[in-house]
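Spelled out from the first residue to the last, the chains are:
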Amino acid sequence: MNFASDFDIATFSIMGFTILDIVSIGSQAAMVLGGVVPFIPQYLDIWRSRNAEGFSLFVCLALLIANILRIMFWFGKHFELPLLAQSIIMIFTMLILVQLCVDVKSRMEIISSKPRRFTDFDPAFFWRWTDFLSYLEFVTLFTLCIGIITYLLINSVVYIELLGFMAVFTEAMLGAPQFLRNFQKKSTAGMSRKMVGFWTCGDIFKTVYFILREAPAQFWICGMLQVSIDISIFIQVFIYRHSSNIVDRTSKSAIS
């Protein structure tokens, strides 16, 4: 009797679930929650240091827009529910991170600056408002506008495909604001390297997931773009390592 030939790992079950079922459920759970994980170390770094200068809030803007667009895309062209759930969870996560950054920046000010609000409609201070309510107002207004347009053009194949592309392309560019911030400061001080590491691992996993699950082409194409930006940020960490170390030591000395 050949045990190896009689034993099929694909049909081996644990509590009624086959190995393939368990792998599938695990990968779906990773897709739903994996996008949030990279921001946990960044959130903790900001909360502990009470300094949000090293993190670009435009990363949050990119993810908020991308996931709102992705949810609207789902109404026109259904994709897997784990990706929809990921978008909903990511929106709440980004709002929580924005609230922390706004609170920390307001507490850092020795002399209070002039309040800047969304209702001022000042382009010079877009996404640099001084109160969290302004960010909520923008997100709500953006969602309503895109929702109305999507409702009116729900039967337009061109619009729906463009919506899907804009969703994944915006998400693919989420690392660009952080890359630009690092380039302008010539330093990666204050940026969580663990966050970028999780970004890279998650984006590689996500891109492979898209390819294996035969997701629309724009998903995995933009996934590869996202991985490229992640790697570029890691290159910045190496290039600016000396200046970042000096800034870190200076910040710690000032705190102590």
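This text follows the structure it describes.
Residues numbered from 1 in each chain as written. Predicted model: local features only at pLDDT ≥ 70, side-chain atom pairs only at ≥ 80, totals over all residues. Heavy atoms only, no water.

S.K.: Would you explain the overall build of the protein chain in this entry?
M.R.: From N to C terminus, the protein chain includes 11 helices and two strands. For the protein chain, the sequential pattern of α-helices and β-strands runs α-β-β-α-α-α-α-α-α-α-α-α-α. By the burial criterion, 41% of the 256 residues in the protein chain qualify as buried. For the protein chain, restricting intrachain contacts to residue pairs at least 6 apart in sequence, the fraction spanning at least 24 positions comes to 74%. (Helix = DSSP H or I, 4+ residues; strand = E, 2+ residues; numbered from the N terminus. Buried < 20%, exposed > 50% of the residue type's maximum accessible area, 1.4 Å probe, protein only. Contact = heavy atoms within 4.5 Å.)

S.K.: Explain the pattern of salt bridges to me, please; I cannot follow it from the model alone.
M.R.: Side chains that carry opposite charge are capable of pairing whenever their charged atoms lie near each other. As enumerated under the stated definition, the model contains four salt bridges in all. R70 is the partner of E171 in a salt bridge, and the nearest nitrogen-oxygen pair spans 2.5 Å. Remark: R70 occurs in helix 4 (residues 58-76) and E171 occurs in helix 7 (residues 157-172); sequence separation between them is 101 residues. Judged by its relative accessible area of 8%, E171 is buried. Among the residues examined, R70 registers a relative accessible area of 2% and is labelled buried. It is possible to trace a salt-bridge network through shared partners that takes in R50, D103 and R107. (Salt bridge = Lys/Arg side-chain N within 4 Å of Asp/Glu carboxyl O.)

S.K.: Sorry if this is basic, but what is going on with the packing of helix 4 against helix 5 (residues 81-108) here?
M.R.: In a packed pair of helices, the relevant descriptors are the angle between the two axes and the axis-to-axis distance. For the pair helix 4 and helix 5, the least separation of the axes is 9 Å and the interaxial angle reads 150°. Here helix 4 is positioned roughly antiparallel relative to helix 5, judged by the angle of their axes. The crossing of helix 4 and helix 5 is left-handed. Along its contact with helix 4, which presents C60, L63, L64, N67, I68, R70, I71 and W74, the element helix 5 presents L81, L83, L84, Q86, S87, I88, M90, I91, M94, L95, L97 and V98. Along the lines of polarity and charge, the residues of the contact of helix 4 with helix 5 split into 16 nonpolar, three polar and one charged. (Axes fitted to C-alpha atoms, helices over the stretch in contact; angles between N-to-C directions. Parallel < 35°, antiparallel > 145°, perpendicular 65-115°, else oblique. Left-handed = near helix turned anticlockwise from the far one by under 90°. Nonpolar A, V, L, I, M, F, W, Y, C, P; charged D, E, K, R; others polar.)

S.K.: What is the right way to look at a nonpolar patch on the surface in this model?
M.R.: Together, I148, I149, Y151, L152 and L153 make up an exposed nonpolar region whose accessible area comes to about 550 Å². Mapping I149 onto the fold places it in helix 6 (residues 132-152). (Patch = residues over 30% accessible without salt bridge, like charges linked within 9 Å, V, L, I, M, F, W, Y side chains within 5 Å. Areas by Shrake-Rupley, 256 points an atom, 1.4 Å probe, with all protein chains shown as cover.)

S.K.: For this particular structure, what's the right way to read helix 6?
M.R.: An α-helical turn contains 3.6 residues, so a residue and the one three or four places further along point in the same direction. Spanning 21 residues, helix 6 covers 31 Å between terminal C-alpha atoms, matching the ideal 30 Å at 1.5 Å per step. Those residues of helix 6 lying buried are F132, S134, Y135, F138, V139, F142, I146 and T150. The buried residues of helix 6 all sit within an arc of 160° when viewed along its axis, so they share a single face. The exposed residues of helix 6 that point more than 90 degrees off its buried face are L144, I148, Y151 and L152. Looking at the buried side of helix 6, the elements it contacts are helix 4, helix 5 and helix 7. (Expected span 1.5 Å × (residues − 1). Arc of directions from axis to C-beta.)

S.K.: Can you walk me through the side chain of S56 in this structure?
M.R.: Tracing the chain through its elements places S56 in the loop between helix 3 (39-49) and helix 4. Residue classification places S56 among the buried positions, given a relative accessible area of 9%. Not counting the four nearest positions on each side in its chain, S56 is found in contact with P177, Q178 and R181.

S.K.: Explain the environment of C60 to me, please; I cannot follow it from the model alone.
M.R.: Take C60: it is sitting in helix 4. For C60, a relative accessible area of 0% corresponds to the buried category. Excluding residues within four positions of it along the chain, C60 makes contact with F55, M94, L97, V98 and W127.

S.K.: Even after reading the chapter, I still don't get unusual backbone geometry, so can you show me in this structure?
M.R.: In most cases, non-glycine residues show a negative phi, while peptide bonds are predominantly trans. Backbone geometry places R50, a non-glycine residue, at a positive phi of 55°. Here R50 is to be found in the loop between helix 3 and helix 4. Under the relative-accessibility criterion, R50 is labelled partly exposed at 32%. Positive phi, close to 55°, is recorded for F121, a residue that is not glycine. Looking at the element boundaries, F121 is found in the loop between helix 5 and helix 6.

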